[in-house]
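# Residue-level structure breakdown
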Amino acid sequence: MSQFLRVILVDSDPASRAGVRQILLATSSLVVAEFSRIAEAVAGAAPYRPDLVILEVPTEQGGKAQGEWLSAIEELARALPNTAILATAAGVSAELVIRAIRAGTFDFLGRPVKQDELLAALAKMARFHRRGATEHRRGKVASVFSTKGGVGVTTIATNLAVCLAESTPGDVLLVDLDIRQSDVATFLNLRPTYSTLDAFEHAGRLDEPFLKGLLTKHGSGLWVLPGPMRMERIKVAGEQVKVGLEILRSYFEHVVLDLPHDLDPGTITALEASDVILFLVSPTVSALRSSAAGLAAFRHLGLDPKRIRIVVMRDGTGDEITLRHVQEMLGVSIYWRTPSEYPTVVTAINRGEPVVTASPRSKIAKNLRELSDQLVNGLASGAEPAPARTAFRLPWMPKAIRGGK
Ligand SMILES: Nc1ncnc2c1ncn2[C@@H]1O[C@H](COP(=O)(O)OP(=O)(O)OP(=O)(O)O)[C@@H](O)[C@H]1O
Ligand SMILES: [Mg+2]
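This is a predicted model, so every value here is computed, not measured.

### Some words on unusual backbone geometry
Excluding glycine, most residues fall at negative phi; most peptide bonds, likewise, are trans. The linkage connecting Arg 111 with the following residue, Pro 112, adopts the cis geometry, with an omega of -10°. Here Pro 112 lies in the loop between β5 (105-110) and α5 (115-130). Phi is positive for Asn 189, close to 50°, though the residue is something other than glycine. Looking at where Asn 189 falls in the secondary structure, it is placed in the loop between α7 (184-187) and α8 (196-201). The class for Asn 189 is partly exposed, based on 13 C-beta atoms found within 10 Å.

What follows is the structure, encoded as structure tokens:
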């Protein structure tokens, strides 16, 4: 369950909203929607399932405006029975504070909102939240990553997602974050209208109906957010990924990410948000060197090594590179090995079908189904893979390959 607070801002002043958003960036909260008027929030806030509404008290507080505002708070509190309401005001009478608290607000802050005051209110809010007012589901995020292209990221991500969707239909989302090489739609033969970019650009308003309108459904029951069909130069910003993933995982049991190969801010944020990272490696010296450098970068970034699962792709094709060499070069133990079956895999890709359904009796299909089962069991039990045997160390070339004995 998430400790993230879903926040709605109701404020007629864009600068004030920006100030509050800025303060919230450093906290475990997400601004899921913004409105300029309380009437708009009364009508439209519920689908965003907010934990907290931060609401401006209008400056004009003549009797009528004040009375209308207080009844609007009552209406808002009725529309959002599990949501805390926090008011912001520049100089209000004690009487208004008391009446607003009776109407449903839990605290008052001065305007412009100060960081320490808002943080103190959030701490109070967190205590309220822990008492069980609302708790959101926090689905598991599984990332598939490799440092080099063409290793099999999209193959693993699509097949894994389809296997997961078969066991939990309607509850699995595959997101193509590889904007430049977006192959997910091709691998699954989809004709999407919207892409990852559309979703992440509007991360702040991803309520359920809007989100479902953006997604494409695959025949297996898998929901898909494919990459854009045109070559795009834009990258998804780290903050958009953070907010977007936090919201997406509150709607799905499993979110599978097809990641690009470079460590740009969006990819790093996605890796940080992942419960498990399938790190694909292929058994060649150049690929392993690049993987070792990638693992060193992960360590430098402070990514939890316990979440990383090394998957050797096309096992046995590395001629003189054995699994022992792979382990030695990477300094971490191997979690999984997939067999090499190029004709079977490429035929499935060309047909736009996942290999697990296109050739269910093939070795690779069985292997990928087992991988999916093993991951689900591991995620459910919180089990971790065996700890790294050694640190990520140099020299990266094993003796046998350097020509030594
Ligand atoms: N187990 C396997 N055995 C043989 N070939 C495989 C296997 N897995 C993937 N391939 C092949 O590797 C190629 C690249 O696969 P894929 O597109 O999934 O990799 P990628 O890492 O996503 O590549 P890109 O960098 O283009 O995004 C495909 O032609 C696919 O058929
Ligand atoms: Mg790919």
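### A few points about the nonpolar core
Ranked by internal contacts, the top residues of the largest apolar core, which has 115 residues, are Val 53 and Leu 280. Here this core takes 9 residues from helix α6 (residues 153-167), the largest share from any one element. Split by domain, this core shows at least three residues from each of two domains, domain 1 (5-130) and domain 2 (140-402). Filtering out sequence-adjacent residues up to four positions away, Val 53 remains in contact with Ile 8, Val 10, Ala 41, Ala 45, Leu 76, Leu 80, Thr 83 and Ile 85.

### Overview of the site of ligand 1
The environment of ligand 1 is made up of 21 residues, and the closest members are Gly 149, Gly 152, Val 153, Thr 154 and Thr 155. Counting residues per element, the ones that place at least two in the shell around ligand 1 are α6, β12 (308-315) and α14 (342-351). The greatest single-element share of the shell around ligand 1, amounting to 4 residues, is contributed by α14.

### Topic: the confidence of the model for the protein chain
Low pLDDT marks regions whose predicted coordinates should not be analysed in detail. In the predicted model, the protein chain carries a mean pLDDT of 84, and 86% of its residues have values of at least 70. Averaged pLDDT values over the elements of the protein chain bottom out at 40 in helix α17 (residues 399-402) and peak at 98 in helix α15 (residues 355-358). Scored below 50 in pLDDT, residues 386-405 makes 30 contacts in the model with residues more than four places away or belonging to other chains.

### A closer look at the pairing of strand β6 (residues 140-145)
Counting buried positions along β6 yields 5 of 6 residues, so the element is predominantly enclosed. Where β6 and strand β10 (residues 254-258) come together, 5 bridges link them in parallel fashion. In the sheet register, Ala 142 faces β10, and the bridge partner there is Val 256. With 4 bridges joining them, β6 and strand β11 (residues 276-281) adopt parallel strand pairing.

### Quick look at the sheet that holds strand β13 (residues 334-339)
Ordered in space as β8-β9-β7-β10-β6-β11-β12-β13, the 8 strands form an open sheet in which the pairing is mixed. What marks the edges here is a single partner per strand, and that holds for β8 (216-217) and β13. Contacting β6, β10 and β11, helix α11 (residues 265-273) runs over the sheet at an angle of about 130° to β6. In this fold helix α16 (residues 363-381) packs onto β6, β11 and β13, with an angle of close to 160° to the strand it touches most, β13.

### Some thoughts on the packing of helix α10 (residues 238-248) against α11
It is at 7 Å that the axes of α10 and α11 come closest, and there the two elements cross at 30°. Comparing the axis directions of α10 and α11 gives the class roughly parallel. For the element pair α10 and α11, the recorded crossing hand is right-handed. Side by side, α10 and α11 meet where Gly 238, Val 241, Lys 242 and Leu 245 of the first sit next to Pro 265, Gly 266, Ile 268, Thr 269, Ala 270 and Ala 273 of the second. The residue inventory of the contact of α10 with α11, partitioned by class, reads 6 nonpolar, 3 polar and 1 charged.

Definitions and limits used
Residues numbered from 1 in each chain as written. Chains lettered and ligands numbered in written order. Predicted model: local features only at pLDDT ≥ 70, side-chain atom pairs only at ≥ 80, totals over all residues. Helix = DSSP H or I, 4+ residues; strand = E, 2+ residues; numbered from the N terminus. Buried ≥ 20, exposed ≤ 12 C-beta atoms within 10 Å, placed from the backbone. Core = buried A, V, L, I, M, F, W, Y, C linked by C-beta atoms within 7 Å. Domains from an automatic or database assignment. Contact = placed C-beta atoms within 7 Å. Near = placed C-beta within 6 Å. pLDDT = per-residue confidence, 0-100. Pairing = 2+ DSSP bridges. Axes fitted to C-alpha atoms, helices over the stretch in contact; angles between N-to-C directions. Parallel < 35°, antiparallel > 145°, perpendicular 65-115°, else oblique. Left-handed = near helix turned anticlockwise from the far one by under 90°. Nonpolar A, V, L, I, M, F, W, Y, C, P; charged D, E, K, R; others polar.

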